Amino acid sequence: MGGCPMGDDPERSVADTNGKVHQLENLYIMDGSLFPTSIGANPQLSIYGLVYKLSSGLAAQFQAALVDPVFQPVSCQGQDRSVDLGRAAAGMLLKFLL
């Protein structure tokens, strides 16, 4: 616990308040390492609550991407069809979370 504190300042924190790592794209931290230090008691319920909040927010972002009319599909080279990888990944995550 306490290895990857959250905050708005990339100089003083590893992840923002949504668990997104400041220095890397598309990497989220959703565990007890986001707490600034040990909370002194069994952190199980606190971690569950934090992960539920963060994963719900991430799922909402993916859901918005699924209905985004600006979203462009990714074309796979060497194949004659377009595969929408972003929507497929988001759909799998939503099925897992819901």
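Here, the structure is the one placed above.
These remarks concern the structure in this document. Quick caveat, the model's predicted, so the values are computed rather than measured.

**Some words on the overall build of the protein chain**
Then comes step 1: Helix and strand content of the protein chain: two helices and two strands.
Then comes step 2: Moving toward the C terminus, one meets the helices and strands of the protein chain in the order α-β-β-α.
Then comes step 3: Counting across all 98 residues of the protein chain, residues that qualify as buried make up 20%.
Then comes step 4: Sequence separation of at least 24 residues holds for 38% of the intrachain contacts in the protein chain that already meet a minimum separation of 6.

**Examining unusual backbone geometry**
Then comes step 1: We note that N26 has phi near 60°; this positive angle belongs to a residue other than glycine.
Then comes step 2: The exposure class of N26 is exposed, given its relative accessible area of 67%.

**Considerations on helix α1 (residues 44–66)**
Side chains of residues three or four places apart in an α-helix project in the same direction, reflecting 3.6 residues per turn.
Then comes step 1: Taking 1.5 Å as the rise per residue, α1 with 23 residues should run 33 Å; its terminal C-alpha atoms sit 32 Å apart, in good agreement.
Then comes step 2: Among all positions of α1, only L50, L54, S55, L58 and A59 are buried.

What counts, and where the lines are drawn
Positions within a chain are numbered from 1, following the residues in the order the chain's sequence is written. Local features in a predicted model are, by the rule used here, given only for residues with pLDDT of at least 70; side-chain atom pairs are given and counted only at 80 or more, and totals for whole chains, interfaces and linings are based on all residues. Note that the side-chain values use all heavy atoms of the structure and ignore hydrogens as well as water. Each helix corresponds to a stretch of at least 4 residues labelled H or I by DSSP, and each strand to a stretch of at least 2 residues labelled E; elements are numbered beginning at the N terminus. Residue exposure (1.4 Å probe, protein chains only): buried if accessible area is under 20% of the type maximum, exposed if over 50%, otherwise partly exposed. Two residues qualify as a contact provided that any one of their heavy atoms is within 4.5 Å of a heavy atom in the partner residue. Multiplying 1.5 Å by the residue count of a helix minus one yields the expected span of that helix.

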